[in-house]
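Letter by letter, the chains look like this.
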Amino acid sequence: MTIGAAEPGLAVGVDDGRAETLAMSRRSSRLTFLTGRWGHAFVRFAVAIALPAGAFLLWELAVDSGLASGRLVPPPSRILVTLADLWTAGQLADHIASTCLRVLLGFLAGAAAGALAGSLTGYFRFLHASVDPTLQALRAIPSIAWVPLFILWFGIFETSKVVLIATGVFFPVYLGVSTALLSVDRKIVEVGRIFRLSGFDLVRRILFPAVLPAFIVSLRAGLGLGWMFVVAAEFMGASEGLGYLLVDGQQLGKPDQIMAAILIFAIIGKLSDALLVRATAPLVAWQDNFSRGGL
Amino acid sequence: MLALTGLGKTYTGGVQALSGFTLDARPGEIVAVIGGSGCGKSTLLRLISGLDTPTAGNVNINGETVKQPHPLINLIFQEPRLLPWLSVRDNVGFGLAHLSRAEQASRIHEALCRVNLEAYGDRLPKALSGGQAQRVAIARALVTRPEVLLLDEPFSALDALTRETLQQHLLDIWSETRATMILVTHDIDEAVSLAHRVIVMKPWPGRILDEIVIAQPHQRAGSDFDRVGAQVRSALDRSLSASAPAAHSKTRPQHSLVLETSP
C-alpha cells in the first residue's frame, strides 16, 4: 500500500514537499554558485563592469534618441562595428601585437634596470646620496621631452620606442624599490643580524622578501606608465600599433577609430595589470592585510 | 661563562645609556635585570648580543670578546619579530641554514615540541596568537643551542595567564638546556620566580644599584618568595626615586646589597 493511495491529500502534500525541496535545492545551488570561487569571481566582474556598461548604455540611448549627435563621440555600437571591421581586415591583431610587444620589451628592460638601481641606492647609503638626486631630477622630465633626443640617438624605429617605454617604467620601479629598502623595519633586519646574516644573505633572506609587496606595487605602476609611454612612442612615426591607430584616426577624422583604440588600451591595460596581480599574488599571500570582506 | 666588564654605551649626541656595568654570569645561571624605563636594560642586551658596540668595557663569552652577533648568544626580543613570509617551521629553522636538511628538520621538530607547537609548523605567523608567536620566537632562539640566551621583556605584551604559562615553559627549557639566561623584565614577580640573581638598575646613566641573590630553588612560593619580592621592590623604589638626570655618576654603586635566602 502506498501512502498516496491510502491518503491522497498526503500524496499531494508529498508532491508539494518534493517540489519545494527541488526549488530549495535549486535556490541553494544558485547560492552555492554565487558564494563559490567562480560565483564570487562572476559577481566581482559584474560589479566592476556595471559602471562602464551603464555609461555606454546611456550614451547609446542618448545618441539613439537624438539627444546627442554622436559625431565626435560615437556611440558604442559604432565603435564595435569599427572594431569588427578592423578585425575582419586583419589589421587589429597586428596593431595590438605590435603595441603589446613594445610594452613587454620596454617593461622588462625598465623594470630590470629600475629594480637594480633601486636595490643599489636603497642598500648602499653612498650610492643613494650620490645617485638618487640626479635620478629624481631625471624623473621630473616629461616623457615627451625625451622623444626628439631618443630619435636622434636610437633612430625612428623600434629601439627608440622601447627605450622610451623603458624610461617610463624605470622610474616608478626605481622609486618603489629604493624607498621600500630604505624603510625596511629595523627590527626584522636585527633578526637577520642576530643570526649573523650580512651582505647577500641579508638581502636574499630578509630585505628582498620584505620589499616584495612594494616591489610588486611599483611594477604595477611601471606597467601602467608603460601603457602611457607606448602612445608617446608610437606617435614617433610608427606605421602600426594602437598609437598609430590614434594618430591615423585623428588625421583622417575617424573618432570611432580613436575611441576603438582607446577602448582596446583600456582593456589590455586592465588585463595586463590583472595578470601581473594574479601572477604575483602567491608571493605575497603571507601579508596580514586589512580586509573589509564582501566583494 | 659570560663576563661583562665595565660595560658602557654613550650614543651619538652624548646620551649616556649605560655606564660601568660589570657582571659575571655563571654557566646555567638565570640573571634578571630589573629597573625603570630608560635605565639601559635593553641597551645592555643589545651590547651583549653584539647588535651594538660598547663605547666602554667589553663582553666576553668563554674568554672570547664579543664584537658582533655571536653563535653562542641568542636574543629573544620583546615582540616575536617573526618573519611574516616564512612558515612557523621556517622561522624556527631560520638560523640553521648551515646545517644539513635532515639536521635542520630534526632540530626544528625538537624545538617546536619543546614549546608545544609541533602541530603548527605549516602555519604562517599571521595565524598565530601573541603567546604562540612568542613561543615560536623562543623556539627560533633555542634551535641554535645557544649557551647564553638573552630575553628582553619577552612576556610583557602577553596576558597574565599566557605569561605564567610561558614562564613555566622557560623554566622547563632552562632545566633541559641549562643555558645562561639574562632576563630583562619590569615584573618583580617574574624576576623573583625565575632568576637566581636579580640586578636592580638605576637610570641616567644605566648602572647597577643592587644585586639580590636568590638561593631558593625554583617553584618558589610562600614567605621567602614574598620576602625576596619585597627586597627587590624596595631596591626598585630607590632606583625610581634616584631618577634625576643629575645623577650622572659613571661609577659602579659603592654598595651592593647581596641577600641570600635559605632554600
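Each value, and the rule that gives it
Residues numbered from 1 in each chain as written. Chains lettered and ligands numbered in written order. Predicted model: local features only at pLDDT ≥ 70, side-chain atom pairs only at ≥ 80, totals over all residues. Helix = DSSP H or I, 4+ residues; strand = E, 2+ residues; numbered from the N terminus. Contact = placed C-beta atoms within 7 Å. Buried ≥ 20, exposed ≤ 12 C-beta atoms within 10 Å, placed from the backbone. Axes fitted to C-alpha atoms, helices over the stretch in contact; angles between N-to-C directions. Parallel < 35°, antiparallel > 145°, perpendicular 65-115°, else oblique. Left-handed = near helix turned anticlockwise from the far one by under 90°. Pairing = 2+ DSSP bridges. Core = buried A, V, L, I, M, F, W, Y, C linked by C-beta atoms within 7 Å. Nonpolar A, V, L, I, M, F, W, Y, C, P; charged D, E, K, R; others polar. Domains from an automatic or database assignment. Right-handed = clockwise from strand over helix to strand, strands pointing away. pLDDT = per-residue confidence, 0-100.

### Considering the overall build of chain B
From N to C terminus, chain B includes 7 helices and 10 strands. Summarising its shape, the C-alpha atoms of chain B cover approximately 55 × 45 × 35 Å along the three principal directions. Long-range contacts, defined here as pairs at least 24 residues apart, represent 73% of the contacts in chain B between residues at least 6 apart.

### What to know about the overall build of chain A
Counting secondary structure elements, chain A contains 12 helices and 0 strands. Ordered by position in the sequence, the α and β elements of chain A form the string α-α-α-α-α-α-α-α-α-α-α-α. Within chain A, buried positions represent 28% of all 295 residues. Of the contacts made within chain A by residues no fewer than 6 positions apart, 72% connect residues no fewer than 24 positions apart.

### Re the packing of helix H4 (residues 130-142) of chain B against helix H5 (residues 160-177) of chain B
All names here are of chain B. Relative orientation of the contacting elements H4 and H5 amounts to 15°, with a least axis distance of 11 Å. In terms of axis orientation, H4 runs roughly parallel to H5. Every pair of crossing elements has a handedness; the one defined by H4 and H5 is right-handed. Within the contact between the two elements, H4 uses Gly-131, Gln-134, Arg-135 and Leu-142 and H5 uses Thr-162, Leu-166, His-169 and Ile-173.

### A short note on the pairing of strand E4 (residues 56-61) of chain B
Residue and element names in this part refer to chain B. As paired strands, strand E1 (residues 2-10) and E4 are joined by 5 bridges and run antiparallel to one another. Counterpart to Leu-4 in the pairing with E4 is Val-59. As judged from the 2 bridges shared by E4 and strand E5 (residues 64-65), these two strands associate in the antiparallel manner. Following the sheet pairing, Ile-61 is matched in E5 by Glu-64.

### What about the nonpolar core?
Ala32(B), Val198(B) and Val232(B) are the most contacted members of the largest nonpolar core, which totals 125 residues. Ignoring any residue separated from it by four or fewer positions in sequence, one finds Val198(B) in contact with Ala32(B), Ile34(B), Ala191(B), Val192(B), Ile212(B), Ile214(B) and Val232(B).

### As for the environment of Leu124(B)
Relative to the helices and strands, Leu124(B) is located in the loop between helix H3 (101-114) and H4. Remark: the alpha-carbon pair of Leu124(B) and Ile108(B), spanning 16 residues in sequence, is separated by 15 Å. Setting aside residues no more than four positions away along its own chain, Leu124(B) makes contact with Trp286(A), Pro84(B) and Ser87(B).

### What to know about the sheet that holds strand E8 (residues 180-185) of chain B
Residues and elements named next belong to chain B. Ordered by their spatial adjacency, 6 strands build an open sheet running E6-E7-E8-E3-E9-E10, and the pairing between neighbours is mixed. Strands with a single pairing partner mark the edges of an open sheet, and in this sheet they are strand E6 (73-76) and strand E10 (207-213). Taking the axes of each pair of neighbouring strands and ignoring which way they run, one obtains an average angle of 20° across the sheet. As paired elements, E6 and strand E7 (residues 148-152) share 4 bridges and run parallel to each other. The partner of Asn-74 across the bridge, within E7, is Leu-149.

### Observations regarding the sheet that holds E4(B)
Pairing is antiparallel across the open sheet formed by 4 strands, whose spatial order is E2-E1-E4-E5 (chain B). Of all the strands in the sheet, just strand E2 (16-25) and E5 of chain B have a single pairing partner and so form its edges.

### Some words on the packing of helix H8 (residues 158-182) of chain A against helix H10 (residues 199-234) of chain A
Residue and element names in this part refer to chain A. Contact geometry of H8 with H10 gives a least axis separation of 7 Å together with a crossing angle of 155°. It follows that H8 is roughly antiparallel to H10 by the angle criterion. For H8 against H10, the interelement crossing comes out right-handed. Split by residue class, the contact of H8 with H10 holds 22 nonpolar, 5 polar and 2 charged.

### Regarding the interface of chain B and chain A
At the junction of the two partners, chain B supplies 14 residues and chain A supplies 11 residues. Within the side of chain B that touches chain A, the residues separate by chemical class into 9 nonpolar, 3 polar and 2 charged.

### Brief notes about the domain arrangement of chain B
Residue and element names in this part refer to chain B. Annotation of chain B at the domain level lists domain 1 (1-72 + 147-263) and domain 2 (82-145). A separation of 27 Å is found between the C-alpha centroids of domain 1 and domain 2. In terms of residues, the side of domain 1 that touches domain 2 owes the most to one element, H5, which gives 4 residues. Split into classes, the residues belonging to the side of domain 1 that touches domain 2 amount to 8 nonpolar, 2 polar and no charged.

### Considering the pairing of E8(B)
All names here are of chain B. Of all 6 residues in E8, 6 are buried; the element is thus mostly enclosed. Of the two faces of E8, the one lined by Thr-180, Ile-182 and Val-184 and the one lined by Met-181, Leu-183 and Thr-185 are each fully buried. Bridging between strand E3 (residues 30-34) and E8 involves 5 bridges; their strand directions are parallel. Bridge pairing links Val-31 to Ile-182 in E8. Note that E7 and E8 share 5 bridges and pair parallel. Among the inter-strand pairings, Leu-149 is bridged to a residue of E8, identified as Met-181. Following the backbone out of E7, through H5 and into the adjacent parallel E8, one traces a crossover that is right-handed.

### Some details on the confidence of the model for chain B
All names here are of chain B. Looking at chain B, the pLDDT average stands at 83 and 91% of residues meet or exceed 70. In the model of chain B, helix H7 (residues 222-241) stands out as the element of lowest mean pLDDT, 76, in contrast to helix H2 (residues 88-92), which has the highest, 95. Note that pLDDT drops below 50 for residues 246-263; the model gives that stretch 38 contacts with residues more than four away or on any other chain. In the model output, the complex is listed with pTM 0.78 alongside ipTM 0.82.

### Some remarks on the environment of Ala261(A)
Residues and elements named next belong to chain A. Topologically, Ala-261 is positioned in helix H12 (residues 255-280). Classification of Ala-261 by C-beta neighbours within 10 Å gives buried; the count is 29. On a C-alpha basis, the gap between Ala-261 and Ala-109 in space is 25 Å, while along the polypeptide they are 152 residues apart. When residues no more than four places from it in sequence are discounted, the contact partners of Ala-261 are Leu-242, Leu-245, Leu-246 and Gly-249.

### Notes on the environment of Gly95(B)
Positionally, Gly95(B) belongs in the loop between H2 and H3. By the C-beta count within 10 Å, which is 23 here, Gly95(B) ends up buried. Along the backbone, Gly95(B) and Pro71(B) are 24 residues apart, and their C-alpha atoms lie at a distance of 9.6 Å. With residues up to four places along the chain from it excluded, the contact list for Gly95(B) reads Phe195(A), Arg140(B), Val143(B) and Thr144(B).

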